[in-house]
Amino acid sequence: MSTKNNNRRQFLQHSALGLATAAFPGLLLANKGQIRSNPTREFNPDIEIEMTARKGYIPILKKGPTTQVQKYYAKLLKGPKETLQHLKGNYLGPILNYEKGQKVRIYFNNSLSEPSIIHWHGLHVPQKSDGHPMYSIPPGERFVYEFEVMNRAGTSFYHSHTHELTAEQVYQGLAGLITVTDEEEKKLDLPRGEYDLPLVIQDRTFNDRNQLRYLHGMHGRMSGFLGDTILVNGKPDVEFSVKSSAYRFRALNGSNSRIYKLGWEDGTPLTAIGTDGGLLEKPETRPYIMLAPGERVDLWLDFSDRPVGSKLVMYSLPYTGAMPPMYERMQNRKGNSGRSEGGMRGGMMGGRMGGMGGGMGMMGGGLAQGAKFPIATFKVTEKVSDSPKLPSRLVKFDRLTERDVDNANKPLPIAISMKPMAPRLNGKSFSLEKVLDFERVPVGSIKKIKIFHEHGMGMMGGGMGGGMMMSMAHPIHLHGQQYQIISRKMEGMRKDEYATVKDGFIDSGWKDTVLVMPGEEIEIIKPFQDFKGFFLYHCHNLEHEDLGMMRQFYVY
Ligand SMILES: [Cu+2]
């Protein structure tokens, strides 16, 4: 990253603090001295981890040179040794395995040549440990996180949250999986150990020297980066050797903007036991499951009736309606959905598709949003006699209703809009120093929030020039405590397209990221408990986030 960028980041960091002083004097006092933070004496950690972000060279593709990446390297200084689960020869950071109630201290060292900070996506932690971009540290600096694991058992995600650099840093590799377990989960007979596996799905594009290609240019950023090579747990063409047993696969969409429609090719339904915020009250079985960037779903994959030697392929099944109509029309004209699959089949052998020239950007290389392609193969290689049975009930669930909120008739708005080259929330770009009136929320309150498209759906500008000013799907992520989805209404005209995705949303669990399709209006209930301070909400299409499609609540 250029010096200019470093300067810009440092300016952002310092100006943020300066301006926050004026607007939020009380908060700033609490923040003083925390940018280059030190461990606090009164915090007694059960776990201490030293985590360093730096450049690395990883063999990602099967043939040819290693790939330059940015990677989280970690060392356990204190705590149970299973806390850190290293993935060998992988650009993904180690899996962090926590238990509810553990106190965690993380020393984060930035050994990159640009600013960086880590966000623990899904964990309910104080502002100072949430990886707010105001805490981005320059190269060579250290940041200390301290928090207690308050989450229920489930799967979370950590990644870079460096404003205007998030998309590229995550793309270069700065991400990893978090698991949390608790007493309630331990009482259940769920698949454990070798039967509890990650399924981190990401898309990348490589050049002919095996190096990562990222997009440049505004059009590409407005649609979001779409790679032509699908990686699972950091590798292409993944085949899992499984036993004839039930498995728990912790699926995470760690992609910048690609939305997956997970399903088996033969139409066998998929069963989920958890979503973003952990285990569901009871399992949910669907023909397919939609997974947008930032979302997690814990899948119950049962191979116990499958004979040794059988193979199942998990696909991203075809769908439409996530992109502006003009984008989809152009994809169809190119005949891309058919070609994508053919291309990926070639890719399954060679590790990737041939690049489609300069087709990066709006057209998303060779693999369209909504195209069909294989994600991973599961091959049954061993017969075992014993397998956990899918429980009919999982965990106790406190369901929030309108009776719990203090603003049932006046929901806080999250209005999505796509101005020319400026995806926005509530009509504004990200600002560290300004918070709208309704973005100030008293601590302890529980609020209803309505997420909707400000201009409905369809084309706003008209003609090719205004072609990007069109409604598309946005995964909306709220930091802090998790929320529940209470309603989902489709008001738009693209009903046929919506029919290709609508059965894949699992809205019954705790969530921190929700995919809002064009024409959709979604109501959620979110508690703002325990911690004061700034908590972001933003689009998890990371290109949109970096373009400023991010705001924050100020909890006071
Ligand atoms: Cu977006």
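Our structure's up above, just so we're on the same page.
Structurally, R209 is set in the loop between β10 (196–204) and α5 (218–223). A relative accessible area of 52% means that R209 is categorised as exposed. As a C-alpha pair, R209 and G64 span 145 residues in sequence and 7.5 Å in three-dimensional space. At 3.5 Å, the side chain of R209 forms a polar contact with the side chain of D208.

Consider a sheet: its strands pair through backbone hydrogen bonds, and that pairing is either parallel or antiparallel. The mixed open sheet is built from 7 strands, whose spatial order is β12-β11-β10-β14-β19-β16-β17. Across the chains shown, the open sheet's two edge strands, defined by having one partner strand only, are β12 (235–236) and β17 (278–286). The pairing of β10 with strand β14 (residues 246–253) spans 6 bridges and is parallel. Across the sheet, residue D196 finds its bridge partner in β14, namely R248.

Located in the positive-phi region is E164, a residue other than glycine, with phi close to 70°. When you line up the elements, E164 lands in the loop between β8 (154–160) and α3 (166–172). You can call E164 partly exposed: its relative accessible area is 31%.

Another aspect to go through is the sheet that holds strand β5 (residues 103–110). Pairing is mixed in the open sheet, where 4 strands are placed in the order β2-β1-β5-β7. This sheet does not close on itself; its edge strands, each paired only once, are β2 (67–78) and β7 (142–148). When the angles between neighbouring strand axes are averaged without regard to direction, this sheet yields 25°. Summarising the sheet, strand β1 (residues 47–58) and β2 pair through 11 bridges and their orientation is antiparallel.

Moving on to the nonpolar core. Core analysis: the largest hydrophobic core is formed by 51 residues, its most contacted members being L199, L262, L299, F303 and F378. Looking at this core, the element that brings in the most residues is strand β21 (residues 373–382), giving 5 residues. Setting aside anything within four residues of it in sequence, one finds F378 in contact with L199, F240, V242, F249, W264, L301, F303, S310, K311, L312 and M314. With 36 residues, the next largest nonpolar core counts M51, I106, I117 and V180 among its residues.

Throughout the structure, instances matching the rule amount to 7 cavities of 30 Å³ or more. Approximately 100 Å³ is the volume found for the largest cavity. Looking at the largest cavity, it is lined by 15 residues, and the ones nearest its centre are M290, E295, F505, I506 and K511. Contributions of two or more residues to the lining of the largest cavity are made by β18 (289–291), β19 (296–302) and β27 (483–490). No other element matches β18, which puts 3 residues into the lining of the largest cavity. Here the residues of the lining of the largest cavity are counted per class, giving 8 nonpolar, 2 polar and 5 charged. Of the volumes computed, that of the second largest cavity is approximately 60 Å³. Lining the second largest cavity we find H124, H479, G480, Q481, K526, P527, F528, Q529, F531, F535 and V555. Among the elements that make up the lining of the second largest cavity, the one with the highest residue count is strand β30 (residues 520–528) (3 residues). Grouping the constituent residues of the lining of the second largest cavity by class yields 5 nonpolar, 5 polar and 1 charged.

As a further point, take the pattern of salt bridges. Counted under the stated rule, the structure contains 32 salt bridges. Between R248 and D298 there is a salt bridge, with the nearest N and O atoms lying 2.6 Å from each other. Separated by 50 residues along the polypeptide, R248 in strand β14 and D298 in strand β19 bring together distant segments of the chain. On the accessibility criterion, D298 (1% relative accessible area) is buried. Several salt bridges converge on common partners, so that one network encompasses E185, D196, R248, R250 and D298.

Quick notes on the rules
Residues numbered from 1 in each chain as written. Predicted model: local features only at pLDDT ≥ 70, side-chain atom pairs only at ≥ 80, totals over all residues. Heavy atoms only, no water. Helix = DSSP H or I, 4+ residues; strand = E, 2+ residues; numbered from the N terminus. Buried < 20%, exposed > 50% of the residue type's maximum accessible area, 1.4 Å probe, protein only. Polar contact = N/O pair within 3.5 Å; in protein donor to acceptor, adjacent residues only side chain to side chain. Pairing = 2+ DSSP bridges. Axes fitted to C-alpha atoms, helices over the stretch in contact; angles between N-to-C directions. Core = buried A, V, L, I, M, F, W, Y, C linked by side-chain atoms within 4.5 Å. Contact = heavy atoms within 4.5 Å. 1 Å grid on protein atoms, 1.4 Å probe; cavity = no way out; pocket = protein on both sides within 12 Å on 5 of 7 lines; lining within 4 Å. Points joined across faces, edges and corners; volume = space filled by probe spheres on them. Nonpolar A, V, L, I, M, F, W, Y, C, P; charged D, E, K, R; others polar. Salt bridge = Lys/Arg side-chain N within 4 Å of Asp/Glu carboxyl O.

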